[in-house]
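Residue-level listing of the chains:
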Amino acid sequence: MSMPFGKMSRRSNSLPSIAFNRVGLQPSSSDEEILFSVSSKLKNTIRTGNFRSTFRQKVRHLTNKWKRSRSGSDVCLDYDFKLYQQTSQSDWGNFSRSTSFEYENLYRGLVRSLLHPLGAPDTTSELRPGDLLDYLRKVFDVERADHELYIMEEMPNRPVRLQANVTVLEANGLRGVDFSEDTCNSYCLIMNQPARGKNSSASTSPRMLSPQVSPKFIHRNSPRGSASSTPTGSPVFSSNEMAGLSPQLVRKGANFSEPAIARTRTVKNSSHPKWNESFVLEIEDFHTDELHIHVCDEEGSLDTKPEKKPLKAFLSVLRHSSEQDTTISDGCFGKIVVPVRDILALGTDEWYDIMSIAPSKGKPRAVGKCHLRLSISYRLAPGEGCHYSSEDYLQAYRQFLKHTYATSRKNPSRHVGDQYGCMSLKDHRILKMFAEAHCISKLSQAIVNVICLLELQCEDELDDRGDFTLLYALEDLHITWAAMQIGQQNVIDRMPLTDIELSNYRRVAARYIQLKSSKVDELPPLFPPSMETLHVLKARLCVVVQLLSLDLWEASCDPKADISDRLTKKLQAGIEDWIQERVAEVHETKTKVRDKVTVEIENLIELVNVTASHCTILPVLRLFFNSLGINYYRLVSFTLEKMISAESMKITEKMNQYKKRYHNFSVNIMMASRQSLRLYFSVRTLHGVIRENVSRRDSFRLGLSHYQDWFEESMNYWLQTFRTECVQRMEKALEIDKDVVVVTSLVKYSHSSVDVLSCFAQVIGEWRKIDIRDPDSALMGVINVTDIICDGARLYAQKIQSILERNCYYDNNRNAEFDINDRLCITVNNIEHVRLYLSELSELLAWDTVIMMISTSHNDDAVGKQAHDTLQRLIDTANEEILSKCAGLLQQICDKMKVVIDRFTELFTKKSPEKTSSVDPLLGYIATNLQTLEDQLMPKMFPYMIEQLWSVVISTLCAQLKPGNHPEYYLQMKSHLRCLMSFFGRSGLDDRQLANLDCEALRDMLDINAKHTDKLMLAYFENLASDVVTPTESYGHLAYKASYLEETRGNITTIVTVLRGSELPGQDTSGYSDPYVEVSLQPQSLFGFSRSQKTHIIKQNLNPVFNVTFQFPNIPREALKQSGSCILLSVFDHDHIGRDDFAGEVVIPLTFLKKVGMAERSMDRMPAIIMPLKRPKKPNNGPYKILSLREWDKVAKKFIVERNRFIHRQPVRTDKPPDGGGFFSSFFSTFTN
């Protein structure tokens, strides 16, 4: 392998004749003679000092001429000519150089990497190998003669053992055989083989995969490469492709040979697989070898899983049947062929087209792209040490950096950054070729770059101008280091640096950090923090931060200890100086005031707020100091908190004394309360900020943790201030909202209610910000805040009502028609809007949390329940009072409407009751006002207003009904009532609301007044019969038997036997009576043909025995089922003068009678019944009252006259009730006798 060396090959200097004479040659000698003569005489002639350079130029010229005559090409000088082959190594060893330097071996390696670049050279002007060799000589300051001698000595050292370094990164655009993107299970097969048709000669070194780097090579005779274990879809190579393989890779005993194949892992279900795997392959012939990368799809076997992928299997079989190239098999997307000679000496990192291997008529098509990283390096034989290591690379980099530094110092016009590591492109190109040739990793290159720049900075005693280049080098090292850590499972792979590299890094980095630590005092003040200070710190210490962040330090070593201690002391001193100055400023007053505490507390509030802002975490500042081992905000928090706590306690105590002195002056108290509350909020904010900066254990050391205890006395003044401000704001809101205008068209309340609720919300917000943690204090505060809001709501409702009465929002003219206006509705809405806010207090004030705290504190749930009951009682009481005021206001509105309702009701109750349309004016008036109410009232108030209005209509209708009219009148009223109920039902009232007590009473009254007289009499007697209440005064008892006997034609005969009386009242002056019993069927209008019957009179006896039976024949059978039909047993005292006195009566409903059989016509077997005598009272309502009012009905008048005989003639009894056994003893004694 030969490379051009352009610049040196084109020199043509004339050689004097003496030069040929010294070697025994003539100018006309042939090229062959010159070569052999040079070979034999070079050892002696090369020792002549000045002649040596000239001689070499002539030798070069003649040799080129000789080579061109044989090859016919115009190539430049190739140092691999026969002269070196004929000259023994021992002869070269006797040559001497003019100089000898320290890095000779390293220099040889650099020359060799330039003379024999491993890969295609760079043809860029001034970057060709010849140009780089000249630049290398200048860097190492080697004389030209010695430099050319090194070149001649290194020419024969051709690299014969090479290897290709292949990294398969990723692929894109792959599709499965069923043309889907998510069914690709992709992997790659990598191999090295000669180009087709070019069988390599017998090679001396087989192409083997490095077992250390690439354990994934595949042999068909291994268990991993057997037919059973090889994944379906792996390519099968033909015999002609295997013809040029190394004999060591051919299976013994087989008919074919197979190259070593490297295989990546399988990435499943992805059209964009990412492998990022590296492999090493041997290179046998640089000019003819090719890298073959097959991209395959690991398909399932067709005979094992046909049911899961039928389309894929079908397409695969179809494709196999049409293939003509036997080199492909199932599942191969395509391949990439890269000639080794096309790989650049600096490495290749490109996307390659994956070309389809299926036969096609035209140019093969690309089926995707694959990202490869390729390079060529020396390959070591087993047991052979490394030619050059990272230590040599370090020496080379150091030399190049020193040369760049020295050159830039000599040239002042050069950019300042060039003086500190900005090497030229030639420097980087030479070092890159050297590193690639000797497999020096990117991580080693990056750390060498950092080490050299650190050394340069330490030599210059930390020139800040060099940190810029050093930062770029550290970022490159960070990126490279992070990339090495990702995806590496082996610990060795994650630490690919040698101990010497780590030792050099730690040594020079520690030296750099130590020098930076010594200059901490030159930094600007570290507190208070500012962006300008942070920029300066980053500029000065950014390199230190980057060095410390690399995980390359020993566990026992703490490189940040010294600089951290110095920075901590500087920061601590800065914080203390700052806070002492600010505390002194708190007590300074620019103007003379009597109570300095009011000024001091304002200054303290400002200081606390500034301190909180300084303690608020800035992520960039915290991250910067954490990287230096300093917990910046913890240190700041503890230092500032100590001074702030002491000063806050002093000022708070002074404010409490001030409030006690001015407790009679509300203005002073409000001002002082507001100031102390602002201080409380500021201290609370600072405490919250500081708690975020310290650990939970450190939080117990904070003096601010007890800040609520300092303000416990002030809390009462805060609550008092809340109440006063709430009242003042409410009065101001009502004063402003004189016109009662809605806030917007979307709501139905005015600004005053909004302002009041805003005031309530402000009180609650401030209380929640206070956030008392003591359970007892918190409960007391919640109760007080609840009471403040409830009182405010009550006061607002009261003031609203007062304003209505004072400003006459409703008309007072009783003669004019009253209409509901918008202002009335909005006013009612305001009260309701404020009242509804009370129901949200339990959630807004977190009652449940406070109750749980108090229950836990006292370890008693009863305490929590009592607290809840107290809070709820405050809400309920306020609700009741506000609703009462709302109801009063609505009642006033309804009372005003009642005047008009009365007028319209008269139309259908008195003037034209018979007209159905007479109710329409009332409905029209109510509908108009209801529409206004619906449009303006809040949804929750409208149903209540309708209910109130319905009650007014019912009460008005009841008041205007005329009594004693004909039943038809009341039937018409019932029709009007149904019409009204239907109207109000459509307006929103449900059946329950419609059927209220007043309405039910009205309906009952209409129903009973609409009945016929007979029905009313039946109802009267039914009421008498159903009255089972024992009379308060005893009038004796009456024993009887009653039954009925069926007759023909559907009639019955009623049989009544009056047995005896007992303890009858004495009616005469003697204390006795002359009793008799009158038996009649009632009501008489139904039994007009039946006359009443009487027993005989028993003189002077209170316990008479009658034993008289009465019969009432031809009674219709239906009378037994008629409610109210009865047998009336009336007991009288016979008087000879005047009318008989009424003693009492017994009512026997006909429905109670039992039938007497045909065989049992006697009443002897019927059981006796004893009933007390009762004296009826005059009813004030009911059927009797209605009948008494029917002046137009003769039957009703007769009935009333008859019943008045019983009601009005009830003399007082003149006897005394006996003390003995009474009736029952005498009754049973009678039957015993």
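Look a little higher up for the structure.
I will try to describe carefully the structure that is included in this document. (Residues numbered from 1 in each chain as written. Predicted model: local features only at pLDDT ≥ 70, side-chain atom pairs only at ≥ 80, totals over all residues. Heavy atoms only, no water.)

### Thoughts on the nonpolar core
Here is step 1 of the chain: One finds F400, Y505, L547, W950 and F984 to be the most contacted residues of the largest nonpolar core, which totals 214 residues.
Here is step 2 of the chain: The dominant element in this core, judged by the number of residues it contributes, is helix α30 (residues 861-911), at 15 residues.
Here is step 3 of the chain: Y505 has contacts with I447, V450, I451, L547, L550, L552 and W553, leaving out every residue within four places of it along the chain.
Here is step 4 of the chain: Counting residues in each nonpolar core, the second largest holds 34 residues, with V166, A171, V267 and L281 among its members. (Core = buried A, V, L, I, M, F, W, Y, C linked by side-chain atoms within 4.5 Å. Buried < 20%, exposed > 50% of the residue type's maximum accessible area, 1.4 Å probe, protein only. Helix = DSSP H or I, 4+ residues; strand = E, 2+ residues; numbered from the N terminus. Contact = heavy atoms within 4.5 Å.)

### Remarks on the layout of surface pockets
Here is step 1 of the chain: Taken as a whole, the second largest pocket holds about 870 Å³ of empty space.
Here is step 2 of the chain: Forming the boundary of the second largest pocket are 37 residues, of which L1024, A1025, D1027, V1147 and K1174 lie nearest the centre.
Here is step 3 of the chain: Those elements giving two or more residues to the lining of the second largest pocket turn out to be α36 (1013-1026), β10 (1037-1046), β16 (1141-1149), β18 (1169-1172) and α37 (1183-1189).
Here is step 4 of the chain: Here the element with the most residues in the lining of the second largest pocket is β16; it accounts for five residues. (1 Å grid on protein atoms, 1.4 Å probe; cavity = no way out; pocket = protein on both sides within 12 Å on 5 of 7 lines; lining within 4 Å. Points joined across faces, edges and corners; volume = space filled by probe spheres on them.)

### Description of the sheet that holds strand β12 (residues 1075-1082)
Here is step 1 of the chain: Read across the sheet, four strands follow the order β13-β12-β15-β16 without closing on themselves; strand pairing throughout is antiparallel. Two strands lie at the open edges of the sheet, namely β13 (1093-1094) and β16, each paired on one side alone.
Here is step 2 of the chain: Pairing analysis gives eight bridges linking β12 to strand β15 (residues 1126-1133), with the strands arranged antiparallel. Each residue of the ladder has a partner; that of V1079, found in β15, is L1129.
Here is step 3 of the chain: Along the sheet, α36 contacts β12, β15 and β16; its crossing angle with β16, the most-contacted strand, is approximately 95 degrees.
Here is step 4 of the chain: Contacts from helix α38 (residues 1194-1208) reach β12, β15 and β16 within the one sheet, and its direction differs from that of β15 by about 50 degrees. (Pairing = 2+ DSSP bridges. Axes fitted to C-alpha atoms, helices over the stretch in contact; angles between N-to-C directions.)

### Comments concerning a negative patch on the surface
Here is step 1 of the chain: Residues D709, E712, D774 and D776 make up a contiguous surface patch of negative charge.
Here is step 2 of the chain: Assignment of secondary structure puts E712 in the loop between α23 (707-710) and α24 (714-736). (Patch = residues over 30% accessible without salt bridge, like charges linked within 9 Å, V, L, I, M, F, W, Y side chains within 5 Å. Areas by Shrake-Rupley, 256 points an atom, 1.4 Å probe, with all protein chains shown as cover. Salt bridge = Lys/Arg side-chain N within 4 Å of Asp/Glu carboxyl O. Lys, Arg positive; Asp, Glu negative; His and termini not counted. Charge placed at Lys NZ, Arg CZ, Asp CG, Glu CD.)

### Focus: the side chain of T909
Here is step 1 of the chain: Note on placement: T909 falls in helix α30.
Here is step 2 of the chain: A polar contact of 3.1 Å, which involves the side chain of T909, links it to the side chain of Q960. (Polar contact = N/O pair within 3.5 Å; in protein donor to acceptor, adjacent residues only side chain to side chain.)

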